[in-house]
Amino acid sequence: MAAPSTGRARVLAFLLAGFAAVGTAFAYPDKPIRFVVPFAPGGGTDLIARTLGAEMSKDLGQPVIIDNKPGAGTLIGTDNVAKSAPDGYSVVVASFAHAVNPSLQPKLSYGSNKAFAPVILVGRGPNVLVVRPDSPYKSVADLLTAAKANPGKLTFASQGAGTSAHLAGEMFANLAKVKLSHIPYRGAGPALTDLLGGQVDMMFATAAAVSTFVDSGKLRALGVTTAEPSPAFKGVPAIAAGVPGYLVESWYGLFVPAGTPPAVVERLNAAGRKAARAPDFVRKIEHEGLVINAGPPAELDNYVRAEEERWARVIKENGIKAD
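Summary of the structure given here. Along every chain, residues carry numbers that run from 1 in the direction the sequence is written. The model is predicted, so local features are restricted to residues of pLDDT at least 70 and side-chain atom pairs to those at 80 or more, both for listing and for counting; the totals for chains, interfaces and linings are taken over all residues. In computing side-chain values, all of the structure's heavy atoms are included and hydrogens and water are not.

**Here's the deal with the side chain of serine 211**
Point 1. Its place among the elements puts serine 211 in helix 8 (residues 207-216).
Point 2. According to the relative accessible area criterion, serine 211 is buried, its value standing at 1%.
Point 3. The contact rule is simple, with two residues in contact once any of their heavy atoms fall within 4.5 Å. What serine 211 contacts, discounting residues up to four positions off in sequence, is Phe233, His287 and Glu288. Secondary structure counts use DSSP, requiring at least four H or I residues in a row for a helix and at least two E residues in a row for a strand, with both numbered from the N terminus. Only protein chains enter the accessibility calculation, which uses a 1.4 Å probe; a residue is then buried when its area is under 20% of its type maximum, exposed when over 50%, and partly exposed in between.

What follows is the structure, encoded as structure tokens:
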């Protein structure tokens with residue numbers, strides 16, 4: 001049995017820790033906040049992060065600094081945040097890969113998604129199958145005809161192994177019973193550069209990454225990956241019309257390291273909700289096909305758990321592996 005003095009010391013230590021956590025929460029934030037984007041600059045996740053971060057900084061009263069850490073199918077940037085101090089100053093801007101990496105990667109460097117606390121599901125949207133304007137493929141049917149005639153010859157780019165662009169292409173090939181060659185990059189920016197330059201044939205890119213290219217005529221959209229056509233891409237059919245059962249959805253959310261004080265998570269969530277519905281944010285992403293969610297932290301947690309389960313089945317049934 002512990003001596004009375006020892007017991008009192010433990011109680012005092014517990015109370016001091018509690019006061020420290022409360023003090024941190026009330027003071028938060030008192031310095032810049034770092035948004036880690038696990039992709040190279042120039043892609044859809046980078047665009048969402050910068051636009052959302054600029055809006056959130058107005059409410060938080062501190063700068064939001066974008067820190068691009070691409071590589072390893074988002075694992076480098078994600079691991080960096082998982083191992084950061086749980087104080088709300090390191091936030092990972094997560095996307096599709098966050099939900100599929102547990103099924104694609106044999107061993108996550110950060111253990112599991114229990115390494116994170118959810119903050120906010122910003123929104124969800126389609127990927128878009130795009131080709132160059134001078135491409136001989138005018139439709140999904142044209143592309144499938146060519147792919148069946150030349151197995152493995154057609155190439156598709158992605159912003160990295162395990163990302164939505166990668167899995168969208170793999171699911172397309174599996175359901176359509178064709179063989180395509182995957183070319184991974186360290187972000188959507190480099191992938192789009194090579195697509196525009198003619199080094200690859202196509203990309204199942206996020207809407208946020210390619211909408212401006214489609215609008216300007218620098219890329220041609222053949223189909224969207226959602227079950228129904230997207231209002232943001234008028235006249236562009238759903239790929240599912242020609243490939244039954246096809247469905248891929250991109251999403252963007254914020255996570256902080258597990259153990260971050262609940263009051264800090266709530267402060268970030270409140271700022272995120274306000275930012276995601278701010279007129280300037282909505283205006284800047286209105287052409288991205290993004291459906292805004294911006295609910296409580298539990299909304300992101302529930303959504304990602306469901307996506308993990310759905311993609312775990314798809315990956316296993318189709319034998320999809322990370323490059």
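**Let's talk about the nonpolar core**
Point 1. Counting 50 residues, the largest nonpolar core has Phe172, Leu180, Met202, Phe204, Tyr246, Trp251 and Trp311 as its most contacted members.
Point 2. Apart from the residues lying within four places of it in its own chain, the contact partners of phenylalanine 204 are Asn127, Val128, Leu129, Phe156, Ala157, Ala165, Ala168, Gly169, Phe172, Ile239 and Tyr246.
Point 3. Listed in part, the 33 residues of the second largest apolar core include Tyr28, Met56, Val122 and Val256. Among buried residues, the Ala, Val, Leu, Ile, Met, Phe, Trp, Tyr and Cys ones that are joined through side-chain atoms within 4.5 Å form a nonpolar core.

**Points about the pattern of salt bridges**
Point 1. A side-chain nitrogen of Lys or Arg and a carboxyl oxygen of Asp or Glu constitute a salt bridge if their distance falls within 4 Å. Enumeration over the complete set of coordinates arrives at 13 salt bridges.
Point 2. Where aspartate 301 meets arginine 305, a salt bridge forms, and the shortest distance between an N and an O atom there is 3.1 Å. Here the residue aspartate 301 and the residue arginine 305 both occupy positions in helix 11 (residues 297-318), the gap between them amounting to 4 residues, near one helical turn.
Point 3. Linked through salt bridges whose partners overlap, the residues forming this network are Arg34, Asp67 and Lys69.

**Observations concerning the packing of helix 2 (residues 44-60) against helix 9 (residues 262-276)**
Point 1. What counts as an axis is a line fitted to C-alpha atoms, over the stretch in contact for a helix, and the angles between N-to-C directions run from 0 to 180 degrees. Two numbers describe how helix 2 lies on helix 9: the axes approach to 8 Å, and their chain directions differ by 120°. With respect to helix 9, the element helix 2 is oriented oblique. Considering how the two elements wind past one another, helix 2 and helix 9 form a crossing that is right-handed. Contact residues: helix 2 offers Leu52, Glu55, Met56, Asp59 and Leu60, while helix 9 offers Arg267, Leu268, Ala271, Gly272, Lys274, Ala275 and Ala276.
Point 2. For the contact of helix 2 with helix 9, the class distribution of residues is 7 nonpolar, 1 polar and 4 charged. We call two directions roughly parallel when the angle between them is under 35 degrees, roughly antiparallel when it is over 145, roughly perpendicular when it lies between 65 and 115, and oblique otherwise. Note on convention: near helix rotated counterclockwise from far helix by under a right angle means a left-handed crossing. Clockwise means right-handed. Three classes are used, and their members are as follows: Ala, Val, Leu, Ile, Met, Phe, Trp, Tyr, Cys and Pro are nonpolar, Asp, Glu, Lys and Arg are charged, and the others, Gly among them, are polar.

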